[in-house]
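# Chain and residue survey
One letter stands for each residue in the lines below.
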Amino acid sequence: MRLLHTSDWHLGRAFHRVNMLGAQAGFIGHLVETVRAHAVDAVVVSGDVYDRAVPPLAAVELFDDALHRLADLGVPTVMISGNHDSARRLGVGAGLIDRAGIHLRTDPAGCGTPVVLTDAHGDVALYGLPYLEPALVKAEFGVERAGHEAVLAAAMDRVRADLATRAPGTRSVVLAHAFVTGGEQSDSERDITVGGVAAVPSGVFDGVDYVALGHLHGCQTLTERVRYSGSPLPYSFSEHRHRKSMWLVDLDATGSVTAERVDCPVPRALARLRGTLADLLADPELTPHEDAWVEATLTDPVRPDEPMARLTERFPHTLSLVFDPERAPEEPGVSYARRLADRSDREIAEDFVAHVRGAGPDVHEQGVLRDAFDAVRADDTVREVAR
């Protein structure tokens, strides 16, 4: 059976101030053509179909178009909700849509109930594990402590229990939306840390033939059977080295996996440039980046006049301007934004405690801060779901 594994469409998301809807529509067309050209037997979409719980109308219309085009191909599609999606909204009408061969899996209670497809070698059971927010699903799975590993392990116990009841030789695929240990992050994924831990070990998924992951935006192989497809389009400059693609996965009669990447169309290259303004404007080696979307980091010790206007004369698609002046270590005046760069909210809070009283929080206080931030994030999730 041949599967096309994709995820993290983030329909409705912009890239800085650039509307990406046209590029997202282009990707959907590419997806449909790939299914047709490569004789794909099933499409799996591993979460974050939308970029937010209440997506703009144009994004909903594009999703509707995608569903119709996939249904018209007669190729089954299995989708799960991600941490950006509203599971309840995405799952509306799932029963009716299911009849058209589009299987939406957004309810955690259904983790152990697969979509069963059949080929010449027998059955393939596809289990959809939507994003499992620990604070919201721990009662469903009967776990005492709300953590990603605990709820995913409980969900996989249901998968393995169901698989054990099926005919010998039944092959299995799991769709999941999670941060698995060994995966490489980028700046465009929403933080899902709970209790100071975001990642779960890949061993949680032992016992199935293929795990189609979503959440991380870089295409990557954790093991031969556990892979991220990554997002089909870039959503941050941290992805400037990504090769955007989907996985074309073949399951043979024994469940062995072979996979190859199918490149996605990218509307424009990304470039991260660094140097003084004068150097960026004059360096001939930067000529290949003149048509790229550009993030420029200026290292001038004194902020130059009208830097964006001058940069866009050479790089008309400059979208981000960062100032990182090269100063002597003892020179004062480092910006507040620079001091906070790459630090989490909890780390910033711990730094504030150290600043106001001269010593950082102890272990107990770190736990209080961590629990407070987890509670706020869980409350935000509840409010988002309840909208």
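Residues numbered from 1 in each chain as written. Predicted model: local features only at pLDDT ≥ 70, side-chain atom pairs only at ≥ 80, totals over all residues. Heavy atoms only, no water.

Condition: UniProt positions are given in the numbering used here, feature names are shortened, and annotations may be inferred rather than shown by experiment.
The protein chain has the name Nuclease SbcCD subunit D in an unreviewed UniProt entry, where Streptomyces salinarius is given as its organism. The heading Function (unreviewed entry) in the UniProt record of the protein chain holds the text "SbcCD cleaves DNA hairpin structures. These structures can inhibit DNA replication and are intermediates in certain DNA recombination reactions. The complex acts as a 3'->5' double strand exonuclease that can open hairpins. It also has a 5' single-strand endonuclease activity." Under the UniProt heading Subunit (unreviewed entry), the note attached to the protein chain is "Heterodimer of SbcC and SbcD."

### Let's talk about helix H2 (residues 57-73)
Stated precisely, the cut-off is as follows: Helix and strand labels come from DSSP, where a helix needs a run of H or I of at least four residues and a strand needs a run of E of at least two; each type is numbered from the N terminus. The span you would expect from a helix comes to 1.5 Å times its residue count less one. In this scheme, a residue with accessible area under 20% of its type's maximum is buried, one over 50% is exposed, and one in between is partly exposed, where area comes from a 1.4 Å probe on protein chains only. What the arc measures is the spread of directions leading from the helix axis to the C-beta atoms. We call two residues contacting when some pair of their heavy atoms lies within 4.5 Å.
Look at H2: 25 Å from first C-alpha to last across 17 residues, which is about the 24 Å you get at 1.5 Å a residue. For H2, the set of buried residues is Ala-59, Leu-62, Phe-63, Ala-66, Leu-67 and Leu-70. For H2, the arc enclosing every buried residue in end-on projection is 140°, short of the 170-degree limit, so these residues lie on one face. In this structure, H2 carries Leu-57 and Asp-72 as exposed residues pointing more than 90 degrees from its buried face. Those residues of H2 hidden inside the fold are in contact with helix H1 (21-37), strand S4 (42-46), strand S5 (77-80), helix H3 (87-90), helix H4 (94-98) and strand S6 (102-105).

### Some points on the nonpolar core
In plain terms, the rule: Put simply, a nonpolar core is a bunch of buried Ala, Val, Leu, Ile, Met, Phe, Trp, Tyr and Cys residues held in one set by side-chain atoms that sit within 4.5 Å of each other.
Within the largest apolar cluster, 32 residues are counted, with the highest numbers of intra-cluster contacts made by Leu-129, Phe-141, Leu-152, Met-156, Val-174, Phe-205 and Leu-213. When residues of this core are traced back to their parent elements, those giving at least two are strand S8 (122-129), helix H5 (134-141), helix H6 (148-164), strand S9 (171-177), strand S10 (179-180), strand S12 (210-214) and strand S14 (226-228). Residue contributions to this core peak at 7 residues, all from H6. Beyond its immediate sequence surroundings of up to four residues, Leu-129 is in contact with Ile-80, Cys-111, Leu-152, Ala-155, Met-156, Val-159, Val-174, Leu-175, Ala-176 and His-177. Leu-31, Val-40, Leu-62 and Cys-264 belong to the second largest nonpolar core, which has 28 residues in total.

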